[in-house]
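Reading the structure
Each chain is listed here by its residues.
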Amino acid sequence: MNLYGKWKKRIALTAALTLAAGSSFLVTACGEKKNTCDSYEEETETANTQNEDTEKGMGRYLESDLNLPDNFSMVSALKFLDDGTLRLCYLDSDYEPMYADSHDEGDTWGEAVSLTDLLKLDTDQFSVSFPQLSYDGSIFVMVTEYSEENPNDCKLHYYYIDAKGKAREIQLDSVCGQAYITNSEFTENGTILLNTPGNGIAEIDPEDERVIRVYEEGNFVNYFGIADHIIAAVLDDSIHYYDVDTGKPVEGAETLSRQIMSDEENLIITSTSVFPVLFLQGDEEDSLFYVDSDGMYRYALGGSVVEQIIDGSLNSISSPDTGLVDMEQDDKGRFYLAVKNDSDGTDKVLRYEYSKDTPTVPDTELKVYSLTENSFMRQAVALFQKKYPDIYLELETGMTGEDAVTSTDALKTLNTEIMAGKGPDILILDGVPADIYVEKGMLEDISGIIGKINESDGILKNIMDPYIDDDGTIYYMPLKFAIPMIMGWKEDIEKITDLSTLADVIEEHQTEYNPYSLPTYMVFAPEILLRKMADVCADAWMKEDGTLDENAVSGYLSEIRRIYLTSEEIMESRNTGDQNDYINDLIVTQLGISVSCREILDKAQLLAMGGLYSPSDLAMIDSVEKESDLLTDKIWNGQVENRFLPLQTIGICSKANQKEAAEKFVEFLFSVEGQVIGTEKGLPVNEAVYENMDYWMKEEEGSVLWTWASSNQATGEMLEGQVCQPSREVISRIQELGKTLDKPSSVNEFILTAVTDSGARYIKGEISLEEAVNAILQEVNLYLSE
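Each chain has its residues counted from 1, following the order in which its sequence is written. Only residues with pLDDT of at least 70 get local features here, since the model is predicted, and only at 80 or more are side-chain atom pairs given and counted; chain-wide, interface and lining totals rely on the full set of residues. Hydrogens and water are ignored here; the side-chain numbers use all heavy atoms of the structure.

Concerning the overall build of the chain
Condition: In this description a helix means any DSSP run of H or I spanning at least four residues, a strand means any run of E spanning at least two, and both kinds are numbered starting from the N terminus. Note on exposure labels: buried denotes an accessible area under 20% of the residue type's maximum, exposed denotes more than 50%, and partly exposed covers the range between, all computed with a 1.4 Å probe on protein chains only. Between two residues, a contact is recorded if the distance between any of their heavy atoms is within 4.5 Å. Using the Shrake-Rupley algorithm and a 1.4 Å probe, accessible areas are obtained, with residue cover drawn only from the displayed protein chains.
Looking only at helices and strands, the chain has 25 helices and 34 strands in total. Every one of the 786 residues in the chain was classed for burial, and the buried ones make up 56%. Look at the contacts in the chain between residues 6 or more apart in sequence, and 65% of them connect residues 24 or more apart. For the chain, the computed accessible surface area is about 33100 Å², with 44% contributed by carbon and sulfur atoms.

Thoughts on the sheet that holds strand β7 (residues 139–146)
Here is the rule we go by: A pair of strands is treated as paired once DSSP finds two or more bridges between them. Helix axes use the C-alpha atoms of the stretch in contact, all axes being lines fitted to C-alpha atoms, and the angles between their N-to-C directions lie in the range 0 to 180 degrees.
If you walk across this open sheet you meet the four strands as β6-β7-β8-β9, and the pairing is antiparallel. Two strands bound the open sheet, and with one partner strand each, they are β6 (126–133) and β9 (167–170). Taken pair by pair, the neighbouring strands of this sheet meet at an average axis angle of 30°, ignoring direction. With six bridges connecting them, β6 and β7 associate as antiparallel partners.

So, helix α23 (residues 728–738)
Here is the rule: Taken from the helix axis, the directions to the C-beta atoms give the arc we talk about.
Taken together, the buried positions of α23 are occupied by V730, I731, I734, Q735, L737 and G738. Projection of α23 onto a plane perpendicular to its axis shows the buried side chains occupying an angular sector of 160°, all on one side.

A few points about the nonpolar core
Just so we agree on the cut-off: By nonpolar core is meant a set of buried Ala, Val, Leu, Ile, Met, Phe, Trp, Tyr and Cys residues that side-chain atoms within 4.5 Å join together.
By size, the foremost hydrophobic cluster in this structure holds 86 residues, and its most contacted members are M377, I483, F665 and F670. Ignoring sequence-local partners within four residues, the contact set of F670 consists of I450, I453, I459, M477, P478, L479, I650, Q675, V685 and N686. Of all hydrophobic cores here, the second largest spans 57 residues; its members include A525, A552, I560 and V773.

So, unusual backbone geometry
Most peptide bonds take the trans configuration, and most residues that are not glycine carry a negative phi. Of note, the phi angle at E105 is positive, near 55°, even though the residue is not glycine. Even without being a glycine, D228 presents a positive backbone phi close to 60°. Structurally, the position occupied by D228 is in the loop between β14 (223–227) and β15 (230–234).

Some details on the sheet that holds strand β10 (residues 184–186)
Strand order in the open sheet formed by four strands is β10-β11-β12-β13, and the pairing between neighbours is antiparallel. Since the sheet does not close on itself, it has two edges, and those belong to β10 and β13 (210–215), each with one partner. Adjacent strand axes in the sheet meet at a mean angle of 20° when their direction is disregarded. Taken together, the four bridges between strand β11 (residues 192–195) and strand β12 (residues 201–205) define a ladder with antiparallel strand orientation. In the sheet register, I192 faces β12, and the bridge partner there is I204.

Focus: the pattern of salt bridges
Short version of the rule: Salt-bridge detection follows one rule: a side-chain nitrogen of Lys or Arg within 4 Å of a carboxyl oxygen of Asp or Glu.
Evaluated as defined, the whole model comprises 36 salt bridges. E749 is paired through a salt bridge with R531; the nearest N and O atoms lie 2.8 Å apart. Of this pair, E749 sits in helix α24 (residues 749–763) while R531 is found in helix α13 (residues 526–532), placing the two residues 218 residues apart along the sequence. The exposure class of E749 is buried, given its relative accessible area of 14%. The network of salt bridges with common partners includes E105, D330, K332, R334 and E353.

Some words on the packing of aromatic side chains
Test applied: Centre distance within 6.5 Å is the pairing criterion for rings of Phe, Tyr and Trp, where only the six-membered ring of Trp is used; planes under 30 degrees apart are then read as stacked, over 60 as edge-to-face, and the remainder as tilted. Charge-over-ring contacts are defined here by two conditions on Lys NZ or Arg CZ: a distance within 6 Å of the ring centre and an angle within 35 degrees of the ring normal.
In the structure shown here, the tally under the stated rule is 21 aromatic pairs. With a centroid separation of 6.0 Å and an interplanar angle of 65°, the aromatic rings of Y61 and F335 are classed as edge-to-face. Taken as a pair, Y61 in strand β1 (residues 58–65) and F335 in strand β22 (residues 335–341) lie far apart in primary sequence, 274 residues in all. Of the two residues, Y61 and F335, neither departs from the other in class, the shared state being buried. Ring centres of F289 and F335 lie 5.0 Å apart, and the angle between their planes is 85°; on these two criteria the pair is classed as edge-to-face. Placement of F289 in strand β18 (residues 287–292) and of F335 in strand β22 is noted, with a sequence separation of 46 residues between them. In this pair, the class of F289 matches that of F335, namely buried. Positioned above the aromatic ring of Y135 is the side chain of K79, whose terminal nitrogen or guanidinium carbon lies 4.5 Å from the ring centre.

Observations regarding the environment of Q675
Operational definition: Distance and chemistry together define a polar contact, namely a pair of N or O atoms within 3.5 Å, with one atom able to donate a hydrogen and the other to accept it when in protein, and with adjacent residues in sequence counting only for side-chain atoms on both sides.
Along the chain, the position of Q675 falls in helix α20 (residues 672–675). Linking Q675 and V685, residues ten residues apart in sequence, is a C-alpha distance of 7.6 Å. There is a polar contact of 3.0 Å between the side chain of Q675 and the backbone oxygen of L669.

Digging into helix α7 (residues 407–419)
We apply this condition: Working rule for helices: expected span equals 1.5 Å times residues minus one.
Over its 13 residues, α7 runs 18 Å from end to end, which matches the ideal 18 Å to within 8%, given 1.5 Å per residue. Buried-residue contacts for α7 involve β24 (364–372), β25 (391–399), β26 (426–428), α8 (434–439) and α24. Positive phi shows up at G421, right after α7, with a value of about 75°.

Some details on a negative patch on the surface
Short version of the rule: A patch is a set of surface residues, each over 30% in relative accessible area and not in a salt bridge, joined within 9 Å for like charges and within 5 Å for the nonpolar side chains Val, Leu, Ile, Met, Phe, Trp and Tyr. Note on charges: Lys and Arg go in the positive column, Asp and Glu in the negative column, and His and the chain ends are not counted at all. The atoms used to mark charge sites are NZ of Lys, CZ of Arg, CG of Asp and CD of Glu.
Taken together, the side chains of D435, E439, D445, D469, D470 and D471 make up a negatively charged region of the molecular surface. Inspection of the secondary structure assignment puts E439 in helix α8. Residue classification places E439 among the exposed positions, given a relative accessible area of 67%.

Details of the packing of α24 against helix α25 (residues 769–785)
Heads up, the rule is: For classification, angles of less than 35 degrees are called roughly parallel, those exceeding 145 degrees roughly antiparallel, those between 65 and 115 degrees roughly perpendicular, and all remaining angles oblique. Handedness of a crossing is defined here by the sense of rotation of the near helix relative to the far one, left-handed for an anticlockwise turn of less than a right angle and right-handed for a clockwise turn.
Between α24 and α25, whose axes approach to 9 Å, the crossing angle comes to 160°. In terms of their interaxial angle, α24 and α25 are classed as roughly antiparallel. Seen along the crossing, α24 lies across α25 with a hand that is right-handed. Contacts from F750, I751, A754, V755, S758 and Y762 in α24 reach L769, A772, A775, I776, E779, V780 and Y783 in α25.

As for the pairing of strand β8 (residues 154–161)
By the criterion of burial, β8 is predominantly enclosed, with six of the eight residues buried. Judged from the four bridges that link them, β8 and β9 form a sheet pairing that is antiparallel. What sits directly across from I161, in β9, is A167. Connecting the antiparallel pair β8 and β9 is a turn made up of five residues, with G165 showing a positive phi of about 90°.

Overview of the side chain of S273
Within the secondary structure, S273 is located in the loop between α5 (254–261) and β17 (278–281). Given a relative accessible area of 8%, S273 falls into the buried group. Only 2.9 Å separates the side chain of S273 from the side chain of S271, close enough to count as a polar contact.

With respect to the packing of helix α12 (residues 499–508) against helix α14 (residues 550–565)
So the rule is basically this: Three classes are used: nonpolar for Ala, Val, Leu, Ile, Met, Phe, Trp, Tyr, Cys and Pro, charged for Asp, Glu, Lys and Arg, and polar for all others, with Gly counted as polar.
The interhelical angle for the contact between α12 and α14, taken along N-to-C directions, is 15°, at an axis separation of 9 Å. Taken together, the axes of α12 and α14 are roughly parallel relative to one another. With respect to the hand of their crossing, α12 and α14 are arranged in left-handed fashion. Residues L499, S500, L502, A503, D504, I506 and E507 of α12 touch α14, and the partners they reach there are Y556, E559, I560, R562 and I563. When its residues are assigned to classes, the contact of α12 with α14 shows seven nonpolar, one polar and four charged.

Description of the environment of W489
By secondary structure assignment, the location of W489 is in strand β27 (residues 477–489). For the pair formed by W489 and L601, sequence separation is 112 residues and the distance between their alpha carbons is 9.5 Å. Setting aside anything within four residues of it in sequence, one finds W489 in contact with I600, K603, L606, S628, L630 and L631.

Comments concerning the environment of G765
Tracing the sequence through the fold places G765 in the loop between α24 and α25. You can call G765 exposed: its relative accessible area is 55%. Here the alpha-carbon distance between G765 and R561, two residues 204 residues apart in the chain, equals 9.8 Å.

Some remarks on the confidence of the model for the chain
Detailed reading of predicted coordinates is not advised where the pLDDT is low. Threshold: What pLDDT expresses is the predictor's confidence in each residue, scored from 0 to 100.
Mean pLDDT for the chain: 88, with 89% of residues reaching 70 or above. Scored below 50 in pLDDT, residues 1–54 shows 179 contacts in the model against residues more than four places distant or in partner chains.

Rendered as structure tokens:
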């Protein structure tokens, strides 16, 4: 298959992932239909056992990974058929749509069947996507036909494959036109429900193509789910329920709606491949299960209580990188979730099985503190708890962004709790004054853990050495790091050696800037410039005696003002209205060099600056540079040089209540298993992972990883490109470059906030440079004295 054919399949064939959660001790193991017990005595015995376990605080569902078919790549749909067969629709490693059957609940799989072959379609001209399964084995799919003359022109078809494998096209143009149908379900009556954009949910008889009825006709349904005969239609501000047997609204679900809608993200669909909430028929008539990012729940229509039967924080469900696709339950009461991992692209089917001998709540509770929201740590917590179900990890965030708490407020509260012996066991020290914590004896020596990992796998020497004290102790160290890089046209990059020469180059091009062509996205606001440039400058602000260097701070503000003034008038004309939310989003978002490097090609930006955080970042940089021999990159130096950006810097509190568990978690995070978590969130410090080409190369050299498209705002021209797998030579260059950085960038959040607040007022002309520096000195000196 040619690369384009492979690419278009990857885009078109990605189907909805199902995240299925398992139920807990609160749900009986018996019920109707899928939870049928052999006798009344068995049902009573099971229920009594679970009641006893509840009183003892024992019993919960444990998560495990299901075996998957050979060459499995991406999950699309999951269903237990009427005869007990587990059928899985997926894309294989060549992005071909397949299905495979298992007759032992996923332990082994039969021979895979190609959906394209069943449909007798040419793979170079057609792609199959968004398959949906029926209980009798029927399949509904959407097919995209590409024009040979213009690959951007395409026509949509819909096919029905009956239980015997006979396929035929069904005509749905009158129902949905040429709209993509990414949300569909079979009913138990064999009809198909289709979410038609802007016109509700159409119920189709696939045999005669008749429209039986339309639910929410004329309305835009964000997404829907079905549980037995109950349809749940999720709209922008409400959820409506219908009986598929009668077509009439279902009453008595107000409690369920309030619970689901208590998280507004449950109402929003942001992807065609995952859903915020999945629904499944319950264990009794007029009951259902549903799963969202908080866990799995059970509800009976007319009831006043929604029971949480699985706490998502004890497994992968609550991981921010987990996407929900499909959900099933077998006749043993076990739940199955098909899930997508947004971090590393690894799809899985998870099984949840009740364990009566496992404590409902783990015996050991470990507290982890992060100053800001930390998606990487949430993912790590989920995987650790899966491996160690006897340990519960609670992640506490100092600044949630939902209140007026500042970094100063959060750190004062943290310090008070630590000194009172009520603080966390583990600290994520990004933005936290780690050295002060060491001086006050608030951190534990973790050199034993680091030494153990270094002996088995190796820790990058240039990353580890700066954290080793003279006596060999290590009190904190980053789990990840990034390489600060700058990219642009060779004639410009060659001139840039520090912050001052960066300002020089940006000023040289001042006449070229306009609303559609800027020096860097950072000029959107002074606050963004001041914060983002600090990564390669902040270390210059502190003297060896621990006091603030007035000259360095003054120089920083002066150079940042030079850069901002090149675009001030342009930005003032563009930024109308309240921009605070947008500015704050840009400030807190991890924006690597790859975000803006492609905009250099159409002159939308002069330079790209930021961290190289991942193999994906490298692939983007390499692909853009291949577009022109005049583009290049190098290490980005500011007021200091040769700095790496430490990420997820971790330490154990000396007053930790659970030191043994804390050490186990830290060791897990530095191990190979922990270092491959969050591939997009930073480069590994574990040498075995960093040096492994499998970490950097997901495909063969030159393979298309993904495509991008954007429009030139000045000309309206559409720009398209491909991001390809870099060569081993390119990877080796970056690996070696990363090992040349010998000092960490140390950014104290309190000092950075002081510099940003007063610095922004100076740049905007509200106060003088002297006044800004004096205000910063006064605020920082007061902070240091405390």
